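Topology and contacts: notes
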Amino acid sequence: NTLTIAKNKIGFNGAEDLEHLVGSSVNSLDLQDNRISDQDILPDVLMRMNDLRVLYLKGNECCKRIPNYRKTTTACLKNLKYLDDRPVFEEDRRAAEAFNRGGLEEERNERKKLREEKADAHRRNMEAFGKMIENSRNEKRERENMRMEDKYTDETDPQETPERRMARLRREWEEANPELLKDDIKEMCEKKLAMEKE
């Protein structure tokens, strides 16, 4: 799925040099430092590569000829995750699509909208966290109040909790298998120490 053909002097025949990539399963394509100057490579080849996720195109003349190269490429290649020297995040994609729709003003509005969405998401997360803490405190208070009204204590409660059951099973196992719990090295050290003292 990866094709690395950087520094190969590809592109003298324009987009035709790369037409065989259309519809291929290549998802990582390295075309850096070639001779690709035809800006039609974007609509004629790259946009018709459905599996393309990673693209390295810098070092080609077409990068200078495609208007607003990074934004245009990001907006046109919907599945792209990485372009040249850095990842393509969802925020970048939305900003690039806004720029292509209505220029710099539209991009500013989209970035403002993104900031507001991020602030809203943060506020919702903080509220959910606060509710979770409050619910936990309420549950603890309810348990303590129920225990105060209960005639049983934690030790005498006939209802066995998972923790108490595990502790009981461990005690039973230790009582049934004392020979497995014996520390032979410790006993040997204690005997030697006693002998030296004598």
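Our subject in this report is the structure included herewith.

What counts and what doesn't
Residues numbered from 1 in each chain as written. Predicted model: local features only at pLDDT ≥ 70, side-chain atom pairs only at ≥ 80, totals over all residues. Heavy atoms only, no water. Helix = DSSP H or I, 4+ residues; strand = E, 2+ residues; numbered from the N terminus. Rg over C-alpha atoms; globule rule 2.2 N^0.38 Å. Buried < 20%, exposed > 50% of the residue type's maximum accessible area, 1.4 Å probe, protein only. Contact = heavy atoms within 4.5 Å. Areas by Shrake-Rupley, 256 points an atom, 1.4 Å probe, with all protein chains shown as cover. Phe/Tyr/Trp six-rings, centres within 6.5 Å; stacked < 30°, edge-to-face > 60°. Lys NZ or Arg CZ within 6 Å of the ring centre and 35° of its normal. Pairing = 2+ DSSP bridges.

**Side note on the overall build of the protein chain**
- A count of helices and strands for the protein chain gives 7 helices and 5 strands.
- Taken over the C-alpha trace, the protein chain has a radius of gyration of 34 Å; the compact-globule value for 198 residues is 16 Å, which it surpasses by more than 25%.
- With the C-alpha coordinates aligned to their principal axes, the bounding extent of the protein chain is approximately 95 × 55 × 35 Å.
- The 198 residues of the protein chain split such that 25% are buried.
- The contacts in the protein chain between residues at least 6 apart in sequence include a share of 58% that link residues at least 24 apart.
- By element, 49% of the accessible surface of the protein chain is carried by carbon and sulfur atoms, the whole surface being about 14700 Å².

**Details of the packing of aromatic side chains**
- Counted under the stated rule, the structure contains 1 aromatic pair.
- Centroid distance Tyr56 to Tyr82: 6.0 Å. Interplanar angle 50 degrees. Geometry classified as tilted. Of this pair, Tyr56 sits in strand E3 (residues 54-56) while Tyr82 sits in strand E4 (residues 82-83), and the two are 26 residues apart along the sequence.
- What makes Tyr56 partly exposed here is its relative accessible area of 24%.
- A cation sits over an aromatic face here: Lys71 above Phe99, 4.3 Å from the ring centre.

**Side note on unusual backbone geometry**
- Despite not being glycine, Lys7 shows a phi value in the positive range, around 55 degrees.
- As for its placement among the helices and strands, Lys7 is situated in the loop between strand E1 (2-4) and strand E2 (28-30).
- Overall, the relative accessible area of 65% leaves Lys7 in the exposed class.
- Of note in this structure, Asp33 is not a glycine but carries a positive phi near 55 degrees.

**Quick notes on the sheet that holds E2**
- The strand order E1-E2-E3-E4-E5 describes an open sheet built from 5 strands, whose pairing is mixed. The open sheet has two free edges, formed respectively by E1 and strand E5 (86-87), since each of these has just one partner strand.
- Sheet topology places E3 next to E4; 2 bridges connect them, and they run parallel. Directly across from Val54, in E4, lies its bridge partner Tyr82.

**Re the environment of Met146**
- When you line up the elements, Met146 lands in helix H4 (residues 90-149).
- Accessibility expressed as a relative area gives 58% for Met146, which makes it exposed.
- Met146 sits 70 residues away from Cys76 along the chain, and the two C-alpha atoms are 63 Å apart.

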